[in-house]
Amino acid sequence: MATASKLTLHTMLGNYPNTKPLKDGSVKSDLVDFDFVEVKVANNMFKSVVRDAKFDLSELAIATYLQAKFYGKPYVLIPAVLVSRGQHHTIAYNGERGTLQPTDLNGKRVGVRAYTVTTGTWVRGILASDYGMDINKVEWVTFEDPHVAEYHDPAIVKRAPAGKEMVQMLLDGEVDAAVVGDKLPDPRLKHLIPDPEVAAKAWAERHHGVPINHMVVVRDNISKARPDVVRDVFRRLHESKRAAGLPDSGLHDPYRFGVEACRPILEVMIDFCFRQQLIGRRMSVDELFDDTTRSLTVSA
């Protein structure tokens, strides 16, 4: 990080339509030079953010940030959403082994990349609150460590044997369902939640927003020392979104900016993380931010 009035921020952001204008230089800043690291899949870098504090400015999954905040990592949240989506379509089962309903999961084994991943946290919370699943009566089979080193999985989590692959375990019947992500990776797989797009839309309407996956964090010392830089970063991120021609308001806007726009969904995620033993206490939305980032708002 430079010491002159214009700062160079070592930055990790994924490659999305809403970040492209910023990353390709179409959107510029008078206060910041962004030293972008090359990244193909942003979540592969999240461990280096929360374990090594590797970047000045970074994309980060919201569940990972809540854990980072709980364990005192040196980052503060910027109210800028980079990735969000409905979550209902991300969990699947093998239809060749019979029909499975969300209410059938108690006593079953469910695969997920890691217990702490944001998508898995959303899916568990939705299944528990809307479909009657008891999180503590499911065995969660994982394949990766948590991003935050200080966190230890609860007893309901079991690690898959070395060399096992989640989708193959699902096909072989070694797990009954699995959080497989955006696309079903095999034609034998079916969505566990019926009509997932309809269900996701209804969920967003009830909860006043789309589930948040990734937001932006900045080193807390930068936010304290250079609030002008943080305000400019926020403006440029929003300008990049607008330059991409993406929706900029409304209930189903996946790229929300500002604390109040994000508050309803952050409140749900905090509750889900606490209930699922990812954090040791319920935080308030306001404490995720500092005096600088809490006041950030977009201009009309």
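See the structure printed just above.
Conventions adopted
- Residues numbered from 1 in each chain as written.
- Predicted model: local features only at pLDDT ≥ 70, side-chain atom pairs only at ≥ 80, totals over all residues.
- Heavy atoms only, no water.
- 1 Å grid on protein atoms, 1.4 Å probe; cavity = no way out; pocket = protein on both sides within 12 Å on 5 of 7 lines; lining within 4 Å.
- Points joined across faces, edges and corners; volume = space filled by probe spheres on them.
- Helix = DSSP H or I, 4+ residues; strand = E, 2+ residues; numbered from the N terminus.
- Nonpolar A, V, L, I, M, F, W, Y, C, P; charged D, E, K, R; others polar.
- Pairing = 2+ DSSP bridges.
- Right-handed = clockwise from strand over helix to strand, strands pointing away.
- Axes fitted to C-alpha atoms, helices over the stretch in contact; angles between N-to-C directions.

**Topic: the layout of surface pockets**
Estimated volume of the largest pocket: approximately 830 Å³. For the largest pocket, the lining is made up of 31 residues, of which V41, N43, R85, R113 and T119 are closest to its centre. Going through the elements one at a time, helix 2 (46-52), strand 4 (75-84), helix 4 (118-131) and strand 11 (212-219) are the ones with two or more residues in the lining of the largest pocket. For the lining of the largest pocket, the element with the highest residue contribution is helix 4, accounting for three residues. Classifying every residue of the lining of the largest pocket gives 13 nonpolar, ten polar and eight charged. Looking at the second largest pocket, its volume works out to about 180 Å³. Taken together, R231, F234, R235, R236, H238, E239, R242, S295, L296, T297, V298 and S299 form the lining of the second largest pocket. Taken together, the residues that form the lining of the second largest pocket break down as three nonpolar, four polar and five charged.

**Some details on the pairing of strand 6 (residues 109-112)**
Alignment of strand 6 against strand 7 (residues 139-142), held across four bridges, turns out to be parallel. By the bridge assignment for strand 7, V110 is matched with W140. In this view, the connection linking strand 6 to its parallel neighbour strand 7 by way of helix 4 has right-handed handedness. As paired elements, strand 6 and strand 9 (residues 177-179) share two bridges and run parallel to each other. Bridged to G111 within strand 9 is A178.

**Quick word on the pairing of strand 1 (residues 7-12)**
Bridge count between strand 1 and strand 2 (residues 32-36): five bridges; the pairing is parallel. When the sheet's bridge partners are listed, H10 is paired in strand 2 with D35. Pairing geometry for strand 1 and strand 3 (residues 57-61), over two bridges, is parallel. Among the inter-strand pairings, M12 is bridged to a residue of strand 3, identified as S58.

**Things to note about the sheet that holds strand 6**
One open sheet accounts for six strands, arranged 8-7-6-9-5-10; its pairing is mixed. Whereas interior strands pair on both sides, the edge strands pair on one side only; in this sheet they are strand 8 (157-159) and strand 10 (189-191). Adjacent strand axes in the sheet meet at a mean angle of 30° when their direction is disregarded. By the bridge criterion, two bridges tie strand 5 (residues 91-94) to strand 9 in an arrangement that is antiparallel.

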